[in-house]
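Examining the three-dimensional arrangement
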Amino acid sequence: MKLTFASAGESHGPALVAILGGLPAGLTLDREAIDADLKRRQEGYGRSPRQQIEQDRVEVLAGLRHGRTLGTPLALVVRNVDHKNWTWGMAPWAPEGEPSGKGTKPVTLPRPGHADLAGVLKYGHEDVRNALERASARHTAVHVAAGAVAKALLATIGISVQGSVVDEDGLRTAIDEARADRDTVGGVVEVRADGAPPGLGSYATKDDRLDARLAFALMGIQAVKGVEVGDGFALASLRGSQAHDEIRSDRRRDTNRAGGIEAGISNGEQIVVRAAMKPLPTLMKPLRSVDLATGEDATALVERSDVAAVEALAVVAEAAVAWELAGAAREKFGGDALEDFVAAHAAYIERIRWR
Ligand code: EPS
């Protein structure tokens, strides 16, 4: 059984939507828990005034009845409250009446580091907005909603996932300083998953490798430029005798430099991954660029943006890891009904006698 995820939605369009396939029937979802994760994503230090406009809440259009999944595609919607200011600019059909609100004038000043230049070249757009709207990290809201669903599924087999910012105190100072300089900053987040049994993922093909899947999921998040599993890059400068986690007679380890994954398979220790986020590309003191309308030297687009979104990334990365682990667990334990999934997990834990 494979979990599938499809999404659509622009940053200032009417809504973000996601369709989740492959969930078992009978999983209880808690609307407050999903909304709490959506709120966590919005709350981070250094976010833009946009977050005062948005009140992210999940709506379910299909796949759920009285709080329990039906085993059919689960359709989730998160509305963009800000769309009311963009109804002409982001209208799906040719708008009627005089242009009004935001997004009425074409954007022609691409920002270094954003999707702007490569996006318009690739798709043949004249208005950079046609590229930036979907590239925006606003899109991560529905991934967080999906992650909350994944966490509910993982909880039924005792797996929990938690994201955090690495060096949060230092980061807040850096954000204050960058804001004063009208600049932006990035940072590093870490996600830890507890309770994963040995045997999620596989060495059989590279697509099956849990570390590869987690790296893909994390690198797929906007602004992520680096991913590590366990001690990652630091392992390269250690000797083998220092780098590997010795196996005790109870089959557990005293160290966890591998981050809970060996040869693409979870080994029963805590799963630990990190993602590095670049500084955000919308700068109040903009960098050099080109005006695509005239071909002349120019400076990049300046518009409302975040100084940092690293705390949001911690929540988004947690969701991404939860989604991948839930996918790996679905592949290992299957089941159309939740009780089949839980029973298969229990039987496996019994077979390997894992504590
Ligand atoms: C983003 C630009 C900003 C962010 C947005 C991501 O949007 P706006 O231009 O509307 O202020 O606030 O993130 C969100 C709206 C969100 O909910 O995370 C970008 O260019 O990626």
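Just so you know, these numbers come straight off a predicted model, no measurement behind them. (Residues numbered from 1 in each chain as written. Predicted model: local features only at pLDDT ≥ 70, side-chain atom pairs only at ≥ 80, totals over all residues. Heavy atoms only, no water.)

**Considering the packing of helix 7 (residues 210-219) against helix 9 (residues 310-333)**
Relative to each other, helix 7 and helix 9 sit at 145°, their axes nearing to 9 Å. Judged by the sense of rotation from one axis to the other, the crossing of helix 7 with helix 9 is right-handed. Along the contact surface, helix 7 presents Leu210, Arg213, Leu214, Ala217 and Leu218, while helix 9 presents Ala317, Ala320, Val321, Glu324, Leu325, Gly327, Ala328 and Glu331. Of the residues that constitute the contact of helix 7 with helix 9, the class distribution is nine nonpolar, one polar and three charged. (Axes fitted to C-alpha atoms, helices over the stretch in contact; angles between N-to-C directions. Helix = DSSP H or I, 4+ residues; strand = E, 2+ residues; numbered from the N terminus. Left-handed = near helix turned anticlockwise from the far one by under 90°. Contact = heavy atoms within 4.5 Å. Nonpolar A, V, L, I, M, F, W, Y, C, P; charged D, E, K, R; others polar.)

**Comments concerning the nonpolar core**
Of all hydrophobic cores here, the largest spans 76 residues; its most connected members are Leu20 and Val149. Element by element, the count of residues in this core is highest for helix 9, at 17 residues. Ignoring any residue separated from it by four or fewer positions in sequence, one finds leucine 20 in contact with Thr4, Phe5, Thr72, Pro73, Leu74, Leu76, Ala146, Val149 and Trp323. Of all hydrophobic cores here, the second largest spans six residues; its members include Val120, Val128, Ala131 and Leu132. (Core = buried A, V, L, I, M, F, W, Y, C linked by side-chain atoms within 4.5 Å. Buried < 20%, exposed > 50% of the residue type's maximum accessible area, 1.4 Å probe, protein only.)

**Topic: the pairing of strand 9 (residues 187-194)**
With six bridges joining them, strand 8 (residues 160-165) and strand 9 adopt antiparallel strand pairing. Among the inter-strand pairings, glutamine 162 is bridged to a residue of strand 9, identified as arginine 192. In the sheet, strand 9 pairs with strand 13 (residues 271-277) via seven bridges, with the strands oriented antiparallel. Along strand 13, the bridge assignment pairs glutamate 190 with arginine 274. (Pairing = 2+ DSSP bridges.)

**Observations regarding a nonpolar patch on the surface**
Nonpolar side chains collect at one region of the surface, where Leu117, Leu121 and Leu292 lie side by side and expose about 270 Å² of accessible area between them. Looking at the secondary structure, you find leucine 292 in the loop between strand 14 (288-290) and strand 15 (297-299). (Patch = residues over 30% accessible without salt bridge, like charges linked within 9 Å, V, L, I, M, F, W, Y side chains within 5 Å. Areas by Shrake-Rupley, 256 points an atom, 1.4 Å probe, with all protein chains shown as cover. Salt bridge = Lys/Arg side-chain N within 4 Å of Asp/Glu carboxyl O.)

**Brief notes about the side chain of aspartate 35**
Relative to the helices and strands, aspartate 35 is located in helix 1 (residues 31-43). In this structure, aspartate 35 is buried with no salt-bridge partner, the nearest side chain bearing the opposite charge being arginine 57 at 4.8 Å. Those residues within four positions of aspartate 35 in sequence are excluded, and the remaining contacts are Asp56, Arg57 and Val58. (Lys, Arg positive; Asp, Glu negative; His and termini not counted.)

**Observations concerning the sheet that holds strand 13**
The four strands are arranged 8-9-13-10 in an open sheet whose pairing can be described as antiparallel. Both outer strands of the open sheet, strand 8 and strand 10 (224-229), are each paired with one neighbouring strand and no more. The mean inter-strand angle of the sheet, taken between neighbouring strand axes irrespective of direction, is 20°. The sheet contacts of helix 7 involve strand 10 and strand 13, and relative to strand 10 the element is tilted by about 155°.

**Some remarks on the sheet that holds strand 3 (residues 25-28)**
The antiparallel open sheet is built from three strands, whose spatial order is 3-6-5. Among the strands making up the open sheet, the edge pair consists of strand 3 and strand 5 (64-65). Across two bridges, the pairing between strand 5 and strand 6 (residues 68-70) is antiparallel. Bridging from a neighbouring strand, leucine 64 pairs with threonine 69 of strand 6.

**With respect to the site of the ligand**
Around the ligand, the structure places 13 residues, and the nearest of them are His12, Arg41, Arg47, Arg50 and Arg304. Contact between the ligand and serine 136: an oxygen atom at 3.5 Å from a side-chain N or O atom of the residue. Between the ligand and arginine 138 there is a distance of 2.9 Å, counted from an oxygen atom to a side-chain nitrogen or oxygen. Contact with the protein chains removes 93% of the 460 Å² of surface that the ligand exposes when unbound. The residue makeup of the shell around the ligand, split by class, is one nonpolar, five polar and seven charged. (Near = heavy atom within 4 Å. Polar contact = N/O pair within 3.5 Å; in protein donor to acceptor, adjacent residues only side chain to side chain.)

These results come straight from atomic positions and should not be treated as a statement about function.
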